[in-house]
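# Examination of the molecular architecture
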Amino acid sequence: QVQLVESGGGSVQAGGSLRLSCVVSRQTYSIVRMGWFRQAPGKEREGVAVIYTGNGATYYAESVKGRFAISRDSANNIHHLQMNSLKPEDTAMYYCAAARHYGGSWDSPYAYNNWGQGTQVTVSS
């Protein structure tokens, strides 16, 4: 069973940056894509970014394009989400997720099999 542990969340002022990390362990060979999601209170969980393990392709939500960057350290099974120019509306709990199949849209939570516990990001104005 894949295990995911996030870190790097915190509180920053608008315009600041944070770098989230997701350490992946166990059965990493079975993962086809790694996603980052976020969920604010009272809102649905939304896809933020994804990276495909096979070819390294990345996709982003429109709201974060040009500000966030997803990357991977394959040697150490760590995925990162670099978040720049943060805005108050980026405030949410952030989760990394692993998919062991290609079915479903990359930004759908139902397309992922395993989830981390989440890390809180708070951006103040």
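In what follows, the structure referred to is the one given above.
A brief report on the enclosed structure follows. (Residues numbered from 1 in each chain as written. Predicted model: local features only at pLDDT ≥ 70, side-chain atom pairs only at ≥ 80, totals over all residues. Heavy atoms only, no water.)

## Quick look at the environment of alanine 40
With respect to the helices and strands, alanine 40 occurs in the loop between strand 4 (33–39) and strand 5 (46–52). Note: C-alpha distance between alanine 40 and serine 108 (68 residues apart in sequence) is 16 Å. Aside from chain neighbours lying at most four places away, what touches alanine 40 is Thr91 and Ala92. (Helix = DSSP H or I, 4+ residues; strand = E, 2+ residues; numbered from the N terminus. Contact = heavy atoms within 4.5 Å.)

## Concerning the nonpolar core
Core analysis: the biggest nonpolar cluster contains 28 residues, and Leu81, Met83 and Tyr94 have the highest contact counts within it. Every residue in contact with leucine 81, bar those within four places of it in the chain, is listed here: Leu18, Arg19, Leu20, Trp36, Val48, Ala49, Phe68, Ala69, Ile70 and Tyr94. By size, the runner-up hydrophobic cluster in this structure holds nine residues, among which are Val50, Tyr52, Ala99 and Trp106. (Core = buried A, V, L, I, M, F, W, Y, C linked by side-chain atoms within 4.5 Å. Buried < 20%, exposed > 50% of the residue type's maximum accessible area, 1.4 Å probe, protein only.)

## Details of the state of the cysteines
For the structure shown, the criterion picks out one disulfide. Across the disulfide, cysteine 22 is cross-linked to cysteine 96 (sulfur-sulfur distance 2.1 Å). Its torsion about the S-S bond being 55°, the disulfide of cysteine 22 and cysteine 96 is classed as right-handed. Residue cysteine 22 is found in strand 3 (residues 18–25), and its partner cysteine 96 is found in strand 9 (residues 92–99); the two are separated by 74 residues along the sequence. The burial state of cysteine 22 is the same as that of cysteine 96; both residues are buried. (Disulfide = S-S within 2.5 Å.)

## Brief notes about the pairing of strand 7 (residues 68–73)
Bridge count between strand 7 and strand 8 (residues 78–83): six bridges; the pairing is antiparallel. Each residue of the ladder has a partner; that of aspartate 73, found in strand 8, is isoleucine 78. (Pairing = 2+ DSSP bridges.)

## Quick notes on unusual backbone geometry
Although it is not a glycine, asparagine 77 sits at a positive phi angle of roughly 55°. Asparagine 77 sits in the partly exposed class, given a relative accessible area of 29%. The phi torsion at serine 85 lies on the positive side, around 50°, for a residue other than glycine. Secondary-structure assignment places serine 85 in the loop between strand 8 and strand 9.

## Quick look at the environment of glycine 16
Along the chain, the position of glycine 16 falls in the loop between strand 2 (10–13) and strand 3. Leave out the neighbours within four places in its chain, and glycine 16 touches Met83, Asn84, Ser85 and Leu86.

## Details of the environment of glutamine 82
Relative to the helices and strands, glutamine 82 resides in strand 8. Distance from glutamine 82 to valine 121, taken between C-alpha atoms, is 12 Å for residues 39 residues apart in sequence. Among residues more than four places away in sequence, those in contact with glutamine 82 are Ser17, Leu18, Arg19, Arg67, Phe68 and Ala69. One polar contact links glutamine 82 to asparagine 84, side chain to side chain, over a distance of 2.9 Å. (Polar contact = N/O pair within 3.5 Å; in protein donor to acceptor, adjacent residues only side chain to side chain.)

## Observations regarding the sheet that holds strand 7
Strand-to-strand pairing in sheets goes through backbone hydrogen bonds, with the strands running parallel or antiparallel. Pairing is antiparallel across the open sheet formed by four strands, whose spatial order is 1-3-8-7. What marks the edges here is a single partner per strand, and that holds for strand 1 (3–7) and strand 7. If you compare each strand with its neighbour and ignore which way they point, the axes differ by 15° on average. (Axes fitted to C-alpha atoms, helices over the stretch in contact; angles between N-to-C directions.)

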